[in-house]
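# Inside the fold
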Amino acid sequence: MSYDQFKDRSFANVAQSLEGAIAGVNISTAQGAPGFGPTIKIRGTSSITAGTTPLYVVDGMALENFDLNLINPQDIQSVEILKDAASSAIYGSRGASGVILVTTKLGKAGKPSVNVTYEHGISKVTRKVDMMDAQQWIQYYIDAKNNSWIALDPVNNKATDDNATRTARSGSAARNYLIPPDFISDPGQFGAGTDWQDVMFRTAHTNNLLLSLSGGTDKTSYLFSAGYLDQDAVLIGNFYKRLSLRTNIRQKISDKVTAGLNLSFIGAHDRTDGTTGKSDVVSLGIQSDPIFPEYNENGNLGYLDPNSVWNRFTGYEVQLWNPHSLIDYADKLNKNYNTLANLYLEYQPIKDLTLKGTLNGNLNNINYSSYWTSGQGYGYSFVLPASGSVRNFTAFNWLSELIATYNKTIGDHNFGLVAGYSAQKQRYDSTSLNGSEYPNDLVKTINAAGVVTKGPWNGSSEWSLLSMLGRLSYGYKNKYFFNATIRRDGSSRFGPNSKWGLFPSASAAWVISDENFMQNQEFVNNLKLRVSYGKTGNNLIPNYGSVPLLGSSRYSNGTGALNGLGVISLGNSDLEWEKTDQYNIGIDLAMLNNRINITLDAYKSVTKDMLLNVPVPAYTGFVTQLTNIGSMQNVGAEFMISSKNIVSDFKWNTDFNISFNRNKVLKLGGNNAPIEIDEWGYFVTEVGQPLANYKGYIFDGVYNNQAQADASAHYAGAAPGDPIIRDVNNDGAITSADRTILGNSQPDFSAGIVNTVSYKGVEFSFMFQGVFGNEIWNQQTRFSKFWNASRNSYAISNDYWRSEQDPGNGQIFKPYAIYPATTQGKAAYIQGYSNYWMEDGTFVRLKNIRLSYTIPAKITARTPFRNARVYVNAENVYVWSDYVGFDPQNSTYSVGANTVAALPGQNGGNVSNPPGLMLGADYGAYPIPTTVTFGVKMDF
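Residues numbered from 1 in each chain as written. Predicted model: local features only at pLDDT ≥ 70, side-chain atom pairs only at ≥ 80, totals over all residues. Heavy atoms only, no water.

A few words on the overall build of the protein chain. If you tally the helices and strands in the protein chain, you get 11 helices and 40 strands. The principal-axis extent of the C-alpha atoms belonging to the protein chain is close to 100 × 75 × 70 Å. Here the protein chain, with 940 residues, has 53% of them falling under the buried criterion. Pairs at least 24 residues apart make up 71% of the contacts formed inside the protein chain by residues separated by at least 6 positions. When the accessible surface of the protein chain is totalled, it reaches about 39,200 Å², and 57% of it is carbon and sulfur. Separation between the mean location of the 76 positive side-chain charges and that of the 79 negative ones in the protein chain comes to 9 Å. (Helix = DSSP H or I, 4+ residues; strand = E, 2+ residues; numbered from the N terminus. Buried < 20%, exposed > 50% of the residue type's maximum accessible area, 1.4 Å probe, protein only. Contact = heavy atoms within 4.5 Å. Areas by Shrake-Rupley, 256 points an atom, 1.4 Å probe, with all protein chains shown as cover. Lys, Arg positive; Asp, Glu negative; His and termini not counted. Charge placed at Lys NZ, Arg CZ, Asp CG, Glu CD.)

This brings us to the environment of N72. Take N72: it is sitting in the loop between β4 (61-63) and β5 (76-82). Residue classification places N72 among the buried residues on the basis of a relative accessible area of 5%. Put simply, N72 and Y337 are 265 residues apart on the chain and 14 Å apart in space, counted from C-alpha to C-alpha. For N72, the contacting residues outside a window of four places in its chain are L210, G227, R242, S244 and I266. A distance of 3.0 Å separates a polar side-chain atom of N72 from the backbone nitrogen of Q74. (Polar contact = N/O pair within 3.5 Å; in protein donor to acceptor, adjacent residues only side chain to side chain.)

The strands making up a sheet associate through hydrogen bonds between their backbones, and the pairing can be parallel or antiparallel. Read from one edge to the other, the open sheet built from 4 strands follows the order β4-β3-β6-β5, with strand pairing classed as mixed. The open sheet has two free edges, formed respectively by β4 and β5, since each of these has just one partner strand. Geometrically, the sheet is characterised by an average inter-axis angle of 20° between neighbouring strands, direction not taken into account. For β5 and strand β6 (residues 99-104), the ladder comprises 6 bridges, and the chain directions are antiparallel. The partner of I81 across the bridge, within β6, is I100. (Pairing = 2+ DSSP bridges. Axes fitted to C-alpha atoms, helices over the stretch in contact; angles between N-to-C directions.)

Should the charged atoms of two oppositely charged side chains come close, the side chains can pair. Under the definition given, this model contains 33 salt bridges. For K145, the salt bridge is made with E317, and the minimal N-O distance between the two is 2.6 Å. Of this pair, K145 sits in helix α2 (residues 134-152) while E317 sits in the loop between α6 (281-287) and α7 (323-327), and the two are 172 residues apart along the sequence. A relative accessible area of 11% means that E317 is categorised as buried. Between D722 and K826 there is a salt bridge, with the nearest N and O atoms lying 2.7 Å from each other. Of the two residues, D722 sits in the loop between α8 (706-710) and β31 (723-725) while K826 sits in helix α10 (residues 824-830), which places them 104 residues apart along the sequence. Accessibility expressed as a relative area gives 0% for D722, which makes it buried. A network of salt bridges, in which partner residues are shared, links K425, R427, D429 and E462. (Salt bridge = Lys/Arg side-chain N within 4 Å of Asp/Glu carboxyl O.)

Glancing now at unusual backbone geometry. You will see that N65, though not glycine, has its phi angle at about 50°, which is positive. As for its position among the elements, N65 is in the loop between β4 and β5. Residue N65 is classed as partly exposed on the basis of its relative accessible area of 32%. Of note in this structure, L592 is not a glycine but carries a positive phi near 55°. By the secondary structure assignment, L592 is in the loop between β23 (578-591) and β24 (596-615). The exposure class assigned to L592 is partly exposed, which follows from its relative accessible area of 40%.

Moving on, we come to the sheet that holds strand β27 (residues 675-678). With antiparallel pairing, 4 strands are arranged side by side in an open sheet as β27-β28-β29-β32. Both outer strands of the open sheet, β27 and β32 (740-743), are each paired with one neighbouring strand and no more. Adjacent strand axes in the sheet meet at a mean angle of 40°, parallel and antiparallel pairs treated alike. With 2 bridges connecting them, strand β28 (residues 682-685) and strand β29 (residues 693-696) associate as antiparallel partners. Note on β29: the bridge partner recorded for F683 is Y694.

Once that is clear, we can look at the packing of aromatic side chains. In the structure shown here, the tally under the stated rule is 50 aromatic pairs. Ring geometry for Y222 and F224: centres 5.8 Å apart, planes at 35°, overall tilted. Where W777 meets Y833, the ring centres are 6.3 Å apart and the plane angle is 75°; that geometry is what we call edge-to-face. Of this pair, W777 sits in strand β35 (residues 775-778) while Y833 is found in the loop between α10 and β36 (838-840), placing the two residues 56 residues apart along the sequence. Three or more aromatic residues joined by ring pairs form one cluster here, namely W137, Y140, Y141, F183, F190, F292, Y303, W310, F313, W787 and Y800. (Phe/Tyr/Trp six-rings, centres within 6.5 Å; stacked < 30°, edge-to-face > 60°.)

All right, on to the confidence of the model for the protein chain then. Per-residue pLDDT for the protein chain averages 91, and the proportion of residues at 70 or more is 97%. Here strand β21 (residues 550-556) stands out as the element of the protein chain with the lowest mean pLDDT, 80, in contrast to helix α5 (residues 196-200), whose mean of 97 is the highest. Counted against residues more than four places away or in other chains, residues 895-912, with its pLDDT under 50, gives 46 contacts. (pLDDT = per-residue confidence, 0-100.)

This paragraph deals with a nonpolar patch on the surface. The grouping of L402, Y421, L466, M468 and W500 at the surface amounts to a nonpolar patch, some 470 Å² of accessible area in total. Mapping W500 onto the fold places it in strand β19 (residues 500-511). (Patch = residues over 30% accessible without salt bridge, like charges linked within 9 Å, V, L, I, M, F, W, Y side chains within 5 Å.)

Examined against the element boundaries, D649 turns out to sit in the loop between β25 (624-646) and β26 (650-668). Assessed through its relative accessible area of 52%, D649 is described here as exposed. In sequence terms D649 and A711 are 62 residues apart; their C-alpha atoms lie 73 Å from each other.

On to the nonpolar core. Counting 73 residues, the largest nonpolar core has F183, I291, F292, F313 and W777 as the members making the most contacts within it. At the level of secondary structure, the elements contributing two or more residues to this core comprise α2, α5, β24, β26, β28, β30 (699-702), β31 and α10. Sorting elements by how many residues they give to this core places α2 first, with 8 residues. Setting aside anything within four residues of it in sequence, one finds F292 in contact with T194, W196, Y303, W310, F313, V318, Q319 and L320. Formed by 26 residues, the second largest nonpolar core is a distinct cluster that contains I42, V58, L68 and I81. (Core = buried A, V, L, I, M, F, W, Y, C linked by side-chain atoms within 4.5 Å.)

One can describe the packing of α2 onto helix α3 (residues 163-170) by two numbers: an axis separation of 12 Å at closest approach and a directional angle of 45°. Taken together, the axes of α2 and α3 lie oblique to each other. Crossing of α2 against α3: the hand is left-handed. Counted together, K145, N146, W149 and L152 of α2 and T165, R166, R169 and S170 of α3 form the full contact between these two elements. Its residues placed into classes, the contact of α2 with α3 shows 2 nonpolar, 3 polar and 3 charged. (Parallel < 35°, antiparallel > 145°, perpendicular 65-115°, else oblique. Left-handed = near helix turned anticlockwise from the far one by under 90°. Nonpolar A, V, L, I, M, F, W, Y, C, P; charged D, E, K, R; others polar.)

Taken together, the 18 bridges between strand β15 (residues 413-436) and strand β17 (residues 459-476) define a ladder with antiparallel strand orientation. Paired with Q426 across the bridge in β17 is W463. Once β17 ends, the chain turns through 3 residues before running back antiparallel as strand β18 (residues 480-491), passing K477 with a positive phi of about 60°.

Turning next to α3. For α3, the set of buried residues is N163, R166 and S170. Along α3, the residues classed as buried sweep out an arc of 60° about the axis, all on the same side. Among the exposed residues of α3, those pointing more than 90 degrees away from its buried face are A164 and A168. Where α3 is buried, its residues touch α2 and α4 (181-185). Looking one or two residues beyond α3, the residue adopting positive phi is G171, at roughly 60°. (Arc of directions from axis to C-beta.)

We now examine α2. Between its terminal C-alpha atoms α2 stretches 27 Å, which fits the 27 Å expected from 19 residues at 1.5 Å a residue. Here α2 lies mainly inside the structure; 14 of its 19 residues are buried. Of the residues flanking the start of α2, the one acting as N-cap is D133, its side-chain oxygen 3.2 Å from the backbone nitrogen of Q135. (Expected span 1.5 Å × (residues − 1).)

Structure follows, in structure tokens:
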């Protein structure tokens, strides 16, 4: 994809401009916070334990887990995505999840060109979560308390019992059954209450200024650019600010020698809340009870203020996490500085032979600091003491390459040879400290803490990679083509018995349209058949996964406990690469004077030697060992068509793509035991099934009366208003054996379509994107779809069963504030994981609308400007979806379970809940706003 295809798209991350535009590439914006990059999957998921992100190659520098926010999109000349293994195999051990090539701009020969771009954007959350208002919630509260009170003693307890009676009969458990008198005597005083989404979300503004100077001569090309992005987030108090500087220079020193330097610096400061799910401000905000005001009469934030009239609710079960208490009373700042350098020298000793040496370096430093003020303005559920933390992370990565390229044409024969050697190494250093027992809130840095303890990230880590590569290409009459590559990689991450891996590939193409038998027709302009095979690897595992690790340990010397070291993991000297074999066949077709272009691809990939944590005998002293023992398959098809519907002064072009991928696990160790993750959902990976199925009970509605429950298989204590659980195995009883596969996050297919019309200087385009057939596991159900400690609930939950005469919609069961001992048995079924937690993930999104106008040359000729264009761009305009949450693409597990808050550079090292096993789960993610941007670009 070239710069012209995303030049007017208003994103800080270029990957978001590619979303929905490329078949076989699933780019999803899991969270809408500024600076939060999208999740990219190329042709499905190819690993369970190792990393699943593609390799990024920026101006020749190979980078793992790279953040594209660290490149100014306006500096990018092109983005190329290598999907099939034949093309990505040249990157060997790191190409299994695909490769993204980013090439930055360079000046052209001619007069210097100055480009100025200014954009102003407006962002707003237009798709909110529909929650109960105060009146709905109060009645929900009353019914939940009464249902539990009656269930405690159905004979003696009644809904009309007052709080004194409930206290006398339930003793220390009374809080579970008490109802604030205001809810009974005067619920109208609360009105509709507070919509906490209106409190925490705002209309946000963005300013983006970009300057560049480029040009060159026949010997020199240069580009200098600078940019400043000042972006307010839609979440109050949050922001993202980025300064970018770049210098690209290419100098022809002599007829045989050329040198170049690409140097960039990015400095980004941000404050980002709300992306870590259940305990962060977005999730907690929508859980907060709507009866409370934004500020109490004293200007404080909540009912815990002892001098507030709202303090009367402290004796009852209520919840409040005022967004201001988590944002205004917390100081947070994340600083990210990244320098990327690429120095190269090219030498042509003889005709057709070019020698190129490169030295690349990437230095990344991240500093994060936070301080939470004591008391939190009484707006949190507890009054907590002050706390602080600081984290520092530094990574330095260098890559050196020597590449020889030989191209020769002899008659109708074209030959190409490439041979190369590369060495790469990266070191991480991290420190983290936590502070507590601050004397006051005057000094908020870590040195003011009375107690300082080390945090979770402390230490250093290194990895290195040595590689040798070769490529042979041959073409005959520009009609028959053959390519073969081979790469041998050695990685420090693997065991001493298997550090080296060999990764070959081969591809062939036949331009059928150039054959003699195709010359007497005019319908087909180009017809090419392509076939390929390639083997790629995956080295994104912990840096020391193959060796036993030491950790701090306490031991006794007979008189006391001393600090020491002990073995904390079991090594594996045979640990080796995950390897993916991929086969691809494709057709390229151009018809009707190249007005219709079609690309069709089909592929099959099999990943072998997958890394899994396998149980080991207890006598080893450990529970599991990382071992190569699994296998997984992806099979898919991709179709793209581009058409020039109208060709004249008025132009109309259409680009459409659709892709299908089917994933299946083939092997999971010697006994093929399934991998099961219980994380507010039951995620099961088993042989013969797609990765990470959702498993649970099937919810079939609500019992309307006792006779209905008694006449069917049911769990003990099933009563009117309780959920109906399907007897899946037809044994006449409801047990855990009735849990079954419910769905999966992987779609049946995804598609995108772009229409572009233009007339002279006016261009208008719109893009639709769709994902179909996937399911979402809504972990927020735990808080917002049935009663949980008086948190507010989705508005759909208001349609719950109240009586046989008022059954609601028949799909929402009655609430219980608590399950008394007499009904504890059925709690596992009522609150258990079922399709009640699962929602349809299908959606169609009006992704982009863009209108631009290029001012005619006859007008700009009278000005200092050579070219000028104005445009307006709208992103995430509208979503058609049945999902009850903010957005059907939301996920709090965009990298893998429990890795959301991890520092960069962990390399997919979370093997307890590996990457990819919980994608599609949403635990209260950050909404994706609608953004409208106005821009102007001028060249002079």
